[in-house]
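# What the coordinates show
Chain by chain, the residues:
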Amino acid sequence: MGTQRDARTFDVWDYVVFAGMLLTSAIIGIYYAFNKKQQTQKDFLIGGRKMTALPVALSLTSSFVSAITILGIPAEIYRFGAVFTMYGFSYILMVVITSEVFIPVFYKLGITSTYEYLELRFNKCIRLCGTFLFILQTVLYIGVVIYAPALAMNQATGLNLWGTILVTGVICIFYSSMGGFKAVVWIHVFQAGIKVAGIFSVIIQGTLVEGGISNVLNNSYYGGRLNFWDFNPNPLRRYTFWSIVIGGTITWLGVFATNPAQVQRYNSCKSRFHAKMSIYLNLIGCWGILGTVTLCGLILYSRYRDCDPWTAKKVLAPDQLIPYLVLDILRDFPGLPGLFVACIYSATLSAVSASVNALAAVTISDIVKPFFPSLSEKTVFWLCRGTSLFYGLLCIAMAALASLLGALLQVAVTIFGVIGGPLLAVFSLGILVPFANSIGVFVGLIAGFIASLWVGIGAQLYPPLPEHTLPLKLVTDGCAMQNTTLEGPLSPNAFEVHNVERTPLMDNWYSLSYLYYSPVGVFVTIIVAVIVSLLTGGRKQVIDKRLLLTKEDFLSNFDFLKKENQVVNQQLRVIEDSGTKPGQRTNELTHL
């Protein structure tokens, strides 16, 4: 490998390419903001329910590819190897379960927010609990997402970190609050192209610089990075086949099966067939993205196998390695570094706009409309824009917290696991367990959230040691420095407690792989909820079958060529028999 020179910063063409991407996104937002055909809450939030499978699938894939994906996964592969590709199996399980278990129920109810389902199936208290946890999860996650490209821009241009965070947040707020759902979907389609171009520019040039794909794979093999198959069942190991397939499947189910940001897309499709097709088409996109970012990680290792920029203090964090690589290998091609940073920003804009739009939908559907049912459509429409603006500003503030938490990918998955795991269990109980009642689910939700929060916070304070996480060797021989191997905790964070004697609790429970946080929340919630429901008369309640997964939902896969059945009116209510004891409530869906 040749001597590494210090990577330069952006030139004028890089700024032109970067600004062009932002301008195009803004134009799409402005177009839909002044589109007279989109003037109702339904149009703003679910696109008038006229979308087809392909653009929705592209939108799903585009929002899946956040800056955390582009920056975080290659950095993880650089440090822990290609075992990460086992996520391909997780995606298959996630897609099948989402399509065949969750989409049939949500689509036939025609709901704007998945948390409407919780009130129909249980009660308003469970709905509000779900809404609160979703808002908390999404605001924290978007803080991380906004912080991620600021790291890249800081590395690429030397611009002030907080200035780039503010600019990113303002742009996201603009077209999310102005254009609504259709703007989000079509901007995602445009940005998908930007992301593909940016990622492939790195793969092509990186492969050429390293002398071909065979050299990249050869260097990765001798560096121990082609560790695809690791069937060690130890749950303390950071990445194994089991932690990725089990933990990854459950974590991503919480994102794709029940998260309103995704369900909002399924329900925007013009038929249930298109809704299911969108998630299956999205699987192809997820595989493609996983393969490309894995190759980016291997190129990253091949390039810096003898001179690790992180150990050599050339970057502040592992998540800045990819921008460092881009400015190293693409600096002789004006505009290409700008294209890659535009790719990272596109990923951020996609994720933030989708989540802010979903936050607005949940707030209006679950909090505003139940208390102010007489609001006009026009008023609700403008409230949607106002809440998008509010949440956008709040997420910018959360980016400050994200800067203190350590590695981007681990923080993001931890957030989805700790909060999303118990929520996934609640929906699963509602759809699959007829005797689950509101008392059991409430107690189970609290127990599951406490369990997952306990392990998540414990791991932040007392991170697992290298003997559990097993980071691969990083050296600096090629930097004319003393050979250095990675020591100490995985990724320092501001909340880590130093100089403390390790206890069995720290070395076992707090050292659990972060991919298992979601399964912990799911299993604790389900076990507690089932026990409490049975003890409080869950078997005596009568549930409307439309709130459950039935054999008719499965059989409907074979008559998709027929005209779709009429969707249940969105205005549904739960009738409670006031004469029943707790746990004996009767649910009934009626048209108003």
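## A few points about the overall build of the chain
When you go through the chain residue by residue, the secondary structure sums to 21 helices and zero strands. Residue burial in the chain is summarised as follows: out of 592 residues, 61% are buried. For the chain, the exposed area adds up to about 22800 Å²; of that, 67% sits on carbon and sulfur atoms.

## Focus on the pattern of salt bridges
It is possible for side chains bearing opposite charge to pair when their charged atoms get close. In this structure the tally under the stated criterion is ten salt bridges. One salt bridge in this structure joins Arg303 and Asp328, with 3.0 Å as the shortest N-O distance. Of this pair, Arg303 sits in helix H12 (residues 272-303) while Asp328 is found in helix H13 (residues 321-329), placing the two residues 25 residues apart along the sequence. Residue class for Asp328 comes out buried when judged on its relative accessible area of 4%. For Arg502, the salt bridge is made with Asp507, and the minimal N-O distance between the two is 3.0 Å. By relative accessible area, which is 22% here, Asp507 ends up partly exposed. Here the salt bridges do not stand alone but share partners, grouping Glu210, Arg303, Arg305, Asp328 and Arg331 into one network.

## Description of the side chain of Thr131
Tracing the backbone through its elements, the reader meets Thr131 in helix H7 (residues 124-157). Excluding anything up to four places from it in sequence, Thr131 contacts Tyr115, Val362, Asp366 and Ile367.

## Notes on a nonpolar patch on the surface
A grouping of Phe89, Ile92, Val96, Trp229, Phe231, Trp242, Ile246 and Trp287 is seen on the molecular surface, where their side chains present a nonpolar patch of about 770 Å² in accessible area. Of all the secondary structure elements, the ones that give two or more residues to the nonpolar patch are helix H5 (87-109) and helix H10 (241-256). Here the nonpolar patch takes three residues from H5, the largest share from any one element. Mapped onto the secondary structure, Trp287 falls in helix H12.

## Some points on the packing of helix H16 (residues 408-432) against helix H20 (residues 517-535)
When two helices pack together, their arrangement is given by the angle between their axes and by how far apart the axes lie. Relative orientation of the contacting elements H16 and H20 amounts to 30°, with a least axis distance of 7 Å. Between H16 and H20, the angle falls in the class roughly parallel. Classified by chirality, the crossing of H20 by H16 is right-handed. Between H16 and H20, the contacting residues are Thr414, Gly417, Val418, Gly421, Pro422, Leu424, Ala425, Val426 and Leu429 on the first element and Tyr517, Ser518, Gly521, Val522, Thr525, Ile526, Ala529 and Val530 on the second.

## With respect to the environment of Tyr115
Turning to its location among the elements, Tyr115 is positioned in helix H6 (residues 114-121). When the C-alpha atoms of Tyr115 and Ile126 are compared, they prove to be 8.6 Å apart, with eleven residues separating the residues in sequence. Once you skip the residues sitting within four places of it in the chain, Tyr115 turns out to touch Arg127, Gly130, Thr131, Phe134, Pro260, Val362, Asp366, Leu423 and Phe427.

## Examining the packing of aromatic side chains
Counted by the stated rule, this structure contains 26 aromatic pairs. Taking 4.8 Å as the distance between ring centres and 45° as the angle between the ring planes, the aromatic pair formed by Phe84 and Tyr87 counts as tilted. The exposure class assigned to Phe84 is buried, which follows from its relative accessible area of 3%. On the basis of relative accessibility, which here comes to 3%, the residue Tyr87 falls in the buried class. Note on Tyr462 and Tyr510: the rings are 6.0 Å apart at their centroids and 10° apart in plane angle, and the pair reads as stacked. Here Tyr462, found in the loop between helix H17 (438-461) and helix H18 (466-469), pairs with Tyr510, found in the loop between helix H19 (504-507) and H20; they are 48 residues apart in sequence, far enough to count as distant. The two residues Tyr462 and Tyr510 agree in class, both being buried.

Calculation criteria
- Residues numbered from 1 in each chain as written.
- Predicted model: local features only at pLDDT ≥ 70, side-chain atom pairs only at ≥ 80, totals over all residues.
- Heavy atoms only, no water.
- Helix = DSSP H or I, 4+ residues; strand = E, 2+ residues; numbered from the N terminus.
- Buried < 20%, exposed > 50% of the residue type's maximum accessible area, 1.4 Å probe, protein only.
- Areas by Shrake-Rupley, 256 points an atom, 1.4 Å probe, with all protein chains shown as cover.
- Salt bridge = Lys/Arg side-chain N within 4 Å of Asp/Glu carboxyl O.
- Contact = heavy atoms within 4.5 Å.
- Patch = residues over 30% accessible without salt bridge, like charges linked within 9 Å, V, L, I, M, F, W, Y side chains within 5 Å.
- Axes fitted to C-alpha atoms, helices over the stretch in contact; angles between N-to-C directions.
- Parallel < 35°, antiparallel > 145°, perpendicular 65-115°, else oblique.
- Left-handed = near helix turned anticlockwise from the far one by under 90°.
- Phe/Tyr/Trp six-rings, centres within 6.5 Å; stacked < 30°, edge-to-face > 60°.

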